Structure formats: C-alpha cells, structure tokens
Amino acid sequence: MSKPKLIVFDLDYTLWPFWVDTHVDRPFRKDKNGVVYDRNGQKVKFYPEVPEVLEKLRTEGYTLAIASRTGEIRGANELVELFGWQKYFQYKEIYPGCKVQHFTEFKKQSGISFEEMMFFDDEQRNINDLSAVGVTAILVPHGVTMKLVENALKKFQQRNK
Ligand SMILES: [Mg+2]
C-alpha cells in the first residue's frame, strides 16, 4: 500500500482560519462574486491553498473526508456547502467528542482500516488519539497547504514501501 485509501481533514484551523462555533455567526450568505459573509457582514475565508489541494487530491483519485469536533454542526455544514466543497467529501462526521469515534464511523462506512487512513489536524490531542490507533496523523501548524500534503503523501509512500 503506497497511498492512503482515505484522507481526512479537520475544519477549524485546518481548512479555515477560525472556530466556526465562536468566531463567525450563521446564517451565512454568498454574494454574486462567490464571497461568503456571516450574519454580521464579516467575510468568511478559508486557507488560500485549500481549493487547489482538494481539487488535486480528487483528480488523483483519493477519497476524502471531514472529521470535526465542533458543536456548530449546522454552520460547519453550511460553510462546506457555500465554499463549494461538498463534492470533494465522500464522508463527513461533524459533532463534539473524541475523534476516534469519528474515524470508527469512517471505518464502518468505508471498510477502510485505520492503517490505510491519513489525517490532517491542527490539534496535538487529536493527532495523539488517532496515531494511537494506527492512523497516519499529520499536525497542521498554519492551515493546509499543497506542500504539507505532498510531503505527507511522499512520507506515507516511503514508509509503506
Ligand atoms: Mg481544528
């Protein structure tokens, strides 16, 4: 196995630079230029390289998923939709709790083992929890970038040769 069969992303401070439960307020809206605003007229942004990363992974045939512990389940889903990312993610588990629970759902739904999964998250506690069960978990220091993902995939390939 040289490639992960499932690549999972956290949301807050991994795909976008804020906490969806405290820093922005739903409902959200998208203007005609595709810019998303929250209810206070505050612009809602994602990390700049994220669309390119998701598009590339999809083109290369990877299966993608979201695992988030946020309590703002509706807002998180709305933003994924408004950003146009729904099409990239085959699985989504968004609710509070230990992320091992989220990944157990992925395993159940997909039949993919933890060893065949890769995970990107900004919080060390989540990295520790998932590493302990065999997921290749990568700490994201300043949001997802192309370079970070490419390096992680390269390492995965070398380690599993
Ligand atoms: Mg996070």
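Given the structure is predicted, the values throughout are model-derived calculations rather than measurements.

Colleague: How would you explain the coordination of the magnesium ion if you had to name every residue and give the values?
Modeller: Octahedral metal centres with six donors ideally show angles of 90 or 180 degrees, and tetrahedral centres with four donors ideally show 109.5 degrees. Looking at the metal site, the magnesium ion is ligated by Asp10 (OD), Asp12 (O) and Asp122 (OD), spaced 2.1 Å from it. The sequence motif formed by the donor residues of the magnesium ion is D-x1-D-x109-D. Taken as a pair, aspartate 12 in the loop between β1 (6–9) and β2 (29–30) and aspartate 122 in the loop between β6 (117–121) and α4 (124–132) lie far apart in primary sequence, 110 residues in all. Using a relative accessible area of 23% as the deciding quantity, one classes aspartate 122 as partly exposed.

Colleague: Give a description of the environment of leucine 148 that names residues and reports values.
Modeller: Topologically, leucine 148 is positioned in helix α5 (residues 146–159). When the C-alpha positions of leucine 148 and glutamate 55 are compared, they lie 15 Å apart, and in sequence the two are 93 residues distant. Setting aside its immediate chain neighbours within four residues, leucine 148 contacts Phe120, Leu139, Val140, Pro141 and Gly143.

Colleague: Talk me through the pairing of β1; I want residue IDs and the actual numbers.
Modeller: The alternating pattern of β1 places Leu6 and Val8 and Ile7 and Phe9 on opposite faces, both of which are buried. Here β1 runs beside β6; their pairing, made up of four bridges, is parallel. In the sheet register, isoleucine 7 faces β6, and the bridge partner there is methionine 118. Across three bridges, β1 lies against strand β4 (residues 64–68) in parallel orientation. Bridge assignment links isoleucine 7 to a residue of β4, and that residue is leucine 64.

Colleague: Account for the environment of serine 2, with residues named and values stated.
Modeller: Position of serine 2 relative to the elements: it lies in the segment before β1. Residues serine 2 and asparagine 33, 31 residues apart in the sequence, show an inter-C-alpha distance of 40 Å.

Colleague: Describe in detail helix α2 (residues 73–82), supporting the description with residues and values.
Modeller: When α2 is considered as a whole, its buried residues turn out to be Gly75, Ala76, Leu79 and Val80. Within α2, the buried residues cover an arc of 135° as seen down the axis, which keeps them to one side. One or two steps after α2, the chain reaches glycine 84, where phi turns positive at roughly 80°.

Colleague: I'd like to hear about the pairing of strand β5 (residues 89–94), residue by residue, with values.
Modeller: As paired strands, β4 and β5 are joined by five bridges and run parallel to one another. Along β5, the bridge assignment pairs serine 68 with isoleucine 94. On the question of chirality, the crossover connecting β4 to the parallel β5 by way of α2 is right-handed.

Colleague: Tell me about the packing of helix α1 (residues 50–59) against α5, residues and numbers included.
Modeller: The contact between α1 and α5 brings their axes to 9 Å, and the two run at 35°. Of the residues in α5, those in contact with Glu52, Val53, Lys56 and Leu57 of α1 are Met146, Val149, Glu150 and Leu153.

Colleague: Which residues make up the sheet that holds β6, and what values go with them?
Modeller: If you walk across this open sheet you meet the five strands as β5-β4-β1-β6-β7, and the pairing is parallel. Each edge of the open sheet is held by one strand with a lone partner, namely β5 and β7 (136–139). Across the sheet, the axes of successive neighbouring strands diverge by a mean angle of 20°, strand direction being ignored. Lying over the sheet, α4 contacts β6 and β7, oriented at roughly 165° with respect to β7. Contacts from α5 reach β1, β6 and β7 within the one sheet, and its direction differs from that of β6 by about 150°.

Parameters at a glance
- Residues numbered from 1 in each chain as written.
- Predicted model: local features only at pLDDT ≥ 70, side-chain atom pairs only at ≥ 80, totals over all residues.
- Heavy atoms only, no water.
- Donors = N, O, S within 2.8 Å, 3.2 Å for Na, K, Ca; no water.
- Helix = DSSP H or I, 4+ residues; strand = E, 2+ residues; numbered from the N terminus.
- Buried < 20%, exposed > 50% of the residue type's maximum accessible area, 1.4 Å probe, protein only.
- Contact = heavy atoms within 4.5 Å.
- Pairing = 2+ DSSP bridges.
- Arc of directions from axis to C-beta.
- Right-handed = clockwise from strand over helix to strand, strands pointing away.
- Axes fitted to C-alpha atoms, helices over the stretch in contact; angles between N-to-C directions.

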